[in-house]
Amino acid sequence: MNLRSENECWSIPADDMEASALTEEGMLQLEADFSQVKIVKYIQDMEYADVDGTSLKLQLLLPSVGSGEEKRPLILFIRGSAWQKQSVTPGIPQLVEMARRGFIVASAEYRPAPGHHFPVQSDDGWRALRFLAEHAEDMGWDTSKTAVWGSSSGAHTVLLMGLMPQYRRETVKIRAAVDYYGPSYLPAMIDYHSGSTQHLDELLGVPVKENLDLAEKASPTSYLDGPDTPAVLILHGDKDKSCSFEQSVILYREMKKAGKDVVMYRMHNAAHGGAPFWTAEVMDLVEGFLREKLDWQKN
């Protein structure tokens, strides 16, 4: 599969072709600038796995690259859904900005609850990474520079991908994770929604209140003692009614206690997601974090 070969929307003109000499009175002229990474190729609905008849797809954003340019990092993004069926494509316009900044970005879906229980979602995230790794050369991906990013339940998923010990044998290593308002310690969520635990029950496949040991096992905070823990950037609104701000405070506190690399930003007056998390200032912050942790600096 050659992901860059057909109908390149960023094609560079052939050196052996002369520019047209046609002109017309009043015509204006701009010089073409091929030096900036601005154009993004969007490949929709790539099937990355078929698991027991369930087709799993990802959306792929490829930044334009010049001939002979260095390989680029990849960000795997997983969109939140309270672990239910995701609607992935509405989040693509926000992710385009990171592709314009030079990152390869893939947004993957997972098999949802209530039919599929922990740790299926993080298993599917790794299925997506393995699929992408098979096409790393076509994409121009430097697999030593890999990050994950998730929102809400997607953040919970990518944290588990980077922390759970069963994934440490994977060839691709996750070096950085961006956590947008994700659950980190499930037992502390039990009383947050007036005692409603439907989504947690469906994720675990059993009543969470009667299975606190499983809730602990499904919590990213349970896996902070391993080697090669990815650096984590946390952003969370302090008016979040869906996932308590406390969830990110717990993760931040526990990672610091364990001596891990973590940075947390309180998004003051922000709720569960929305525009404040996608401003140019925040994109600069995320980009800077990822470039530092992936050791990929601007030329």
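Residues numbered from 1 in each chain as written. Predicted model: local features only at pLDDT ≥ 70, side-chain atom pairs only at ≥ 80, totals over all residues. Heavy atoms only, no water.

(A) Representation of the nonpolar core in the model. In terms of nonpolar packing, the biggest core is built from 57 residues, with Leu-58, Leu-60, Leu-76, Leu-132, Trp-141 and Met-161 touching the most fellow members. If you look at the next biggest cluster of nonpolar residues, it comprises 30 residues, including Ile-92, Val-96, Ala-176 and Tyr-180. (Core = buried A, V, L, I, M, F, W, Y, C linked by side-chain atoms within 4.5 Å. Buried < 20%, exposed > 50% of the residue type's maximum accessible area, 1.4 Å probe, protein only.)

(B) Expanded view of the side chain of Gln-247. With respect to the helices, strands and loops of the structure, Gln-247 is situated in helix α7 (residues 245-257). Using a relative accessible area of 0% as the deciding quantity, one classes Gln-247 as buried. (Helix = DSSP H or I, 4+ residues; strand = E, 2+ residues; numbered from the N terminus.)

(C) Structural detail: the sheet that holds strand β7 (residues 231-237). Taking strand neighbours across the sheet as the criterion, the eight strands line up as β1-β2-β4-β3-β5-β6-β7-β8 in an open arrangement whose pairing is mixed. Every other strand in the sheet has two partners, leaving β1 (40-51) and β8 (262-267) as the edge strands with one partner each. In this sheet, neighbouring strand axes are inclined to one another by 20 degrees on average, regardless of whether the strands run parallel or antiparallel. Of the pairings in the sheet, the one linking strand β3 (residues 72-78) to strand β4 (residues 104-108) comprises four bridges and is parallel in character. Within β4, the residue paired with Ile-75 across the bridge is Val-105. (Pairing = 2+ DSSP bridges. Axes fitted to C-alpha atoms, helices over the stretch in contact; angles between N-to-C directions.)

(D) How the structure looks around unusual backbone geometry. Cis geometry is found at the peptide bond from Ala-113 to Pro-114, where omega equals 5 degrees. As for its placement among the helices and strands, Pro-114 is situated in the loop between β4 and α2 (120-134). Of the consecutive residues Phe-118 and Pro-119, the connecting peptide bond is found in the cis state with omega at 5 degrees. Mapped onto the fold, Pro-119 is located in the loop between β4 and α2. In this model, Ser-152 sits at a positive phi of 55 degrees, which is unusual for a non-glycine residue. Note on placement: Ser-152 falls in the loop between β5 (141-151) and α4 (153-163). The phi dihedral of Asp-228 is positive, around 55 degrees, even though this residue is not glycine. Following the sequence through the fold, Asp-228 ends up in the loop between α6 (212-217) and β7. What makes Asp-228 exposed here is its relative accessible area of 71%.

(E) Structural view of the pattern of salt bridges. By the definition in use, this model includes 14 salt bridges. In this structure, the salt-bridge partner of Glu-97 is Arg-101, at a minimum N-O distance of 2.8 Å. Residue classification places Glu-97 among the partly exposed positions, given a relative accessible area of 29%. Residue class for Arg-101 comes out buried when judged on its relative accessible area of 17%. Across the pair Arg-101 and Asp-284 runs a salt bridge whose closest N-O atoms are separated by 2.7 Å. Residue Arg-101 is found in the loop between α1 (92-100) and β4, and its partner Asp-284 is found in helix α8 (residues 280-293); the two are separated by 183 residues along the sequence. (Salt bridge = Lys/Arg side-chain N within 4 Å of Asp/Glu carboxyl O.)

(F) Representation of α2. The end-to-end C-alpha distance of α2, which contains 15 residues, comes to 21 Å, matching closely the 21 Å that a straight helix rising 1.5 Å per residue would cover. Taken residue by residue, α2 has Val-120, Gln-121, Ser-122, Asp-124, Gly-125, Trp-126, Ala-128, Leu-129, Phe-131 and Leu-132 as its buried positions. (Expected span 1.5 Å × (residues − 1).)

(G) How the structure looks around the packing of aromatic side chains. For the structure shown, the criterion picks out 10 aromatic pairs. Judged by centre distance (4.9 Å) and plane angle (70 degrees), the rings of Tyr-181 and Phe-277 are edge-to-face. Placement of Tyr-181 in the loop between β6 (176-180) and α5 (198-204) and of Phe-277 in the loop between β8 and α8 is noted, with a sequence separation of 96 residues between them. Each member of the pair, Tyr-181 together with Phe-277, is buried. One aromatic cluster in this structure is built from Phe-77, Trp-149, Tyr-180, Tyr-181, Phe-277 and Trp-278. (Phe/Tyr/Trp six-rings, centres within 6.5 Å; stacked < 30°, edge-to-face > 60°.)

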